[in-house]
Amino acid sequence: QVQLVESGGGLVQAGGSLRLSCAASGRTFSIYGMGWFRQAPGKEREFVATINWNGSNTYYADSVKGRFTISRDNAKNTVYLQMNSLKPEDTAVYYCAANPTGRMRVGVRQYDSWGQGTQVTVSS
């Protein structure tokens, strides 16, 4: 497994932007497919975005498509989530996750390494 640490969360007004980062350590980062998920209070953890091992392919949940961008820098062992045009319904704890297939994955159970999460709050 790989160890993951998220950062970059915070409080932002609706329409604003945030950039989340997820730093990886412990194993070769570039072999992992990566994903971002989020969990709002009282709700299940849901898929947000995923990227394959070399960044050539990405996939997004419909709710964030066109507003969020996932990217990675394998030289820095880091994956990012750029979030623009934020809405109050984007408020949640955001988690990054790694899967050992190196491919894009959308299911929570398809990931075996998780970060501790970072809170994103969007005020109206």
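Scroll up for the structure.
What counts, and where the lines are drawn
- Residues numbered from 1 in each chain as written.
- Predicted model: local features only at pLDDT ≥ 70, side-chain atom pairs only at ≥ 80, totals over all residues.
- Heavy atoms only, no water.
- Helix = DSSP H or I, 4+ residues; strand = E, 2+ residues; numbered from the N terminus.
- Buried < 20%, exposed > 50% of the residue type's maximum accessible area, 1.4 Å probe, protein only.
- Lys, Arg positive; Asp, Glu negative; His and termini not counted.
- Salt bridge = Lys/Arg side-chain N within 4 Å of Asp/Glu carboxyl O.
- Polar contact = N/O pair within 3.5 Å; in protein donor to acceptor, adjacent residues only side chain to side chain.
- Contact = heavy atoms within 4.5 Å.
- Disulfide = S-S within 2.5 Å.
- Pairing = 2+ DSSP bridges.
- Axes fitted to C-alpha atoms, helices over the stretch in contact; angles between N-to-C directions.

**Q** Whenever I open this one, the side chain of Glu6 confuses me. Can you help?
**A** Tracing the backbone shows Glu6 in strand β1 (residues 3-7). With no salt bridge to any partner, buried Glu6 finds its closest opposite charge in Arg45, at an N-O distance of 7.4 Å. Here the side chain of Glu6 touches Cys96 through a polar contact of 2.9 Å, landing on its backbone nitrogen. Among the polar contacts listed, one links the side chain of Glu6 to the backbone nitrogen of Gly117, at a separation of 2.9 Å. With near-sequence residues (within four places) excluded, Glu6 lies in contact with Ser21, Cys22, Trp36, Tyr94, Tyr95, Cys96, Gly115, Gln116, Gly117 and Thr118.

**Q** Please explain the environment of Arg45 as it appears in this structure.
**A** Relative to the helices and strands, Arg45 resides in the loop between β4 (33-39) and β5 (46-51). Sequence-wise, Arg45 and Asn57 are 12 residues apart; in three dimensions their C-alpha atoms are separated by 23 Å. Ignoring anything within four residues of it in the chain, the contact list for Arg45 reads Phe37, Arg38, Gln39, Tyr95, Val108 and Trp114. For Arg45, the side chain forms a polar contact with the side chain of Gln39, separated by 3.3 Å.

**Q** So what exactly am I meant to see when it comes to the environment of Gly10 here?
**A** Along the polypeptide, Gly10 turns up in strand β2 (residues 10-13). Spatially, the C-alpha atoms of Gly10 and Thr118 are 8.0 Å apart, while their sequence positions differ by 108 residues. Setting aside anything within four residues of it in sequence, one finds Gly10 in contact with Leu18, Gln119, Val120 and Thr121.

**Q** Explanation requested: the state of the cysteines in the structure shown.
**A** The term disulfide refers to a covalent linkage connecting the sulfur atoms of a pair of cysteines. One pass over the full model with this rule turns up one disulfide. The residue that forms a disulfide with Cys22 is Cys96, at a sulfur-sulfur distance of 1.9 Å. Handedness of the Cys22-Cys96 disulfide follows from its S-S torsion of about 45°: it is right-handed. Of this pair, Cys22 sits in strand β3 (residues 18-25) while Cys96 sits in strand β9 (residues 92-99), placing them 74 residues apart in sequence. The same class applies to Cys22 as to Cys96, namely buried.

**Q** Explain the sheet that holds strand β7 (residues 68-73) to me, please; I cannot follow it from the model alone.
**A** Two modes of strand pairing occur in sheets, parallel and antiparallel, and in both the strands are linked by backbone hydrogen bonds. On the basis of which strands lie adjacent, the open sheet formed by four strands has the order β1-β3-β8-β7 and antiparallel pairing. Looking at strand neighbours, the two that pair on one side only are β1 and β7, the edges of this open sheet. Strand after strand, the sheet turns through a mean of 15° between neighbouring axes, direction not considered. Relative to strand β8 (residues 78-83), β7 runs antiparallel, the two sharing six bridges. Looking at the pairing, Asp73 lines up with Thr78 of β8.

**Q** Whenever I open this one, the pairing of β5 confuses me. Can you help?
**A** As a general feature of sheets, a regular strand has side chains that alternate between the two faces. Of all six residues in β5, five are buried, a share of seventy percent or more. The loop that links β4 with its antiparallel partner β5 comprises six residues; one of these, Gly42, has a positive phi angle of about 75°. Sheet topology places β5 next to strand β6 (residues 58-60); three bridges connect them, and they run antiparallel. Paired with Ala49 across the two strands is Tyr60, which belongs to β6. Connecting β5 to the antiparallel partner β6 that follows it, the hairpin turn spans six residues, and Gly55 within it adopts a positive phi of roughly 80°.

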